[in-house]
Amino acid sequence: MTLSFTRVTQEELDRAFEEPGLAEEFVDDEGRPYCFLEKSWAGIGFLLHAAGVDVDLYEDGDPIDDEATRFGWSGDMVARTARALGATPVEVLVAHYDPAALSAEEVYPMRHLWGAEDLDYLRENYVDLVRFFQETAAAGNAAIRDFSF
């Protein structure tokens with residue numbers, strides 16, 4: 001299961017809510033700025049929660065399709081998220097990295113196998129996530145969150 005974000009204009013997002021098939025076209029357009037978190041999304045979410053950052057990468061946004069695999073993040077939501085993530089340097093998240101706690105809670109994808117070597121994977125993807133949201137907010141754009149099985 002992977003999670004990604006794709007930049008869209010607010011107008012494109014509004015159209016995708018009306019015609020959910022457009023969301024797939026936008027997500028599949030390789031020319032658009034995007035952030036592919038791979039399978040790191042749940043680990044990053046765990047660290048964000050531990051750090052008290054009010055951003056839920058999986059649940060935030062508004063469902064676009066009936067299966068709720070794609071969620072729309074408005075320009076305002078993108079801007080709020082960019083501020084929250086920008087105010088949370090990766091070092092803050094790293095301070096909350098506890099492989100035993102992640103394993104005990106069976107956080108995807110490692111479940112009970114989180115180790116010290118997984119921290120770099122989370123760190124790299126978090127840095128990409130922050131950059132995506134900051135650049136998308138600076139452009140005044142919205143985003144589509146895509147969850148793939």
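Quick note: structure is the one above.
Every value quoted in this text rests on a predicted model; they were computed, and no experiment measured them. (Residues numbered from 1 in each chain as written. Predicted model: local features only at pLDDT ≥ 70, side-chain atom pairs only at ≥ 80, totals over all residues. Heavy atoms only, no water.)

A.B. asks: Could you clarify how one ought to interpret the nonpolar core in this entry?
C.D. replies: One broad rule of soluble globular proteins: the nonpolar side chains tend to lie buried together. Membership of the largest hydrophobic core comes to 35 residues, with the highest contact counts inside it found for Phe5, Leu37, Leu48, Trp73, Tyr126, Leu129 and Phe133. Breaking this core down by element, the ones donating at least two residues are β1 (2-8), α3 (41-50), β4 (70-73), α4 (75-86), α5 (90-94), α7 (119-138) and β5 (142-148). Among the elements that line this core, the one with the most residues is α7, at seven residues. When near neighbours in sequence (up to four residues on either side) are disregarded, Phe133 contacts Phe5, Trp73, Val78, Thr81, Ala82 and Leu85. Core analysis: the next-biggest nonpolar cluster, separate from the first, contains 10 residues, Val8, Phe26, Ile64 and Ile144 among them. (Core = buried A, V, L, I, M, F, W, Y, C linked by side-chain atoms within 4.5 Å. Buried < 20%, exposed > 50% of the residue type's maximum accessible area, 1.4 Å probe, protein only. Helix = DSSP H or I, 4+ residues; strand = E, 2+ residues; numbered from the N terminus. Contact = heavy atoms within 4.5 Å.)

A.B. asks: Any chance you could explain the packing of aromatic side chains here in plain terms?
C.D. replies: Aromatic ring pairs are described here by two measures, namely the spacing of the ring centres and the angle between the planes. On inspection of all chains with the given rule, the structure shows 11 aromatic pairs. Taking the centre distance of 5.6 Å and the plane angle of 25° together, the rings of Trp41 and Tyr58 count as stacked. Here Tyr58 lies in the loop between α3 and β3 (62-63) and Trp41 lies in helix α3, a separation of 17 residues in the sequence. Residue classification places Trp41 among the buried positions, given a relative accessible area of 12%. Ring plane angle 75° and centroid distance 5.0 Å describe the contact between Tyr58 and Phe147, whose orientation is recorded as edge-to-face. Residue Tyr58 is found in the loop between α3 and β3, and its partner Phe147 is found in strand β5; the two are separated by 89 residues along the sequence. (Phe/Tyr/Trp six-rings, centres within 6.5 Å; stacked < 30°, edge-to-face > 60°.)

A.B. asks: How should the pattern of salt bridges be read in this particular structure?
C.D. replies: Pairs may arise between side chains of opposite charge once their charged atoms sit close together. As enumerated under the stated definition, the model contains five salt bridges in all. For the salt bridge of Glu12 with Arg32, the shortest nitrogen-to-oxygen distance reads 2.9 Å. Note that Glu12 is positioned in helix α1 (residues 10-18) and Arg32 in the loop between α2 (20-28) and β2 (34-36), a separation of 20 residues in sequence. Residues Glu12 and Arg32 agree in their burial class; the two are buried. One connected set of salt bridges, linked through shared partners, spans Glu12, Asp29 and Arg32. (Salt bridge = Lys/Arg side-chain N within 4 Å of Asp/Glu carboxyl O.)

A.B. asks: Would you mind showing me how to read the layout of surface pockets here?
C.D. replies: Remark: the empty space left among the atoms is shown by a probe the size of a water molecule rolled over them. Within this model, the largest pocket holds a volume of roughly 190 Å³. Trp41, Ala42, Gly45, Phe46, Leu48, His49, Val53, Asp54, Val55, Asp56, Leu57 and Tyr58 are the residues that line the largest pocket. (1 Å grid on protein atoms, 1.4 Å probe; cavity = no way out; pocket = protein on both sides within 12 Å on 5 of 7 lines; lining within 4 Å. Points joined across faces, edges and corners; volume = space filled by probe spheres on them.)

These figures capture arrangement, not role.
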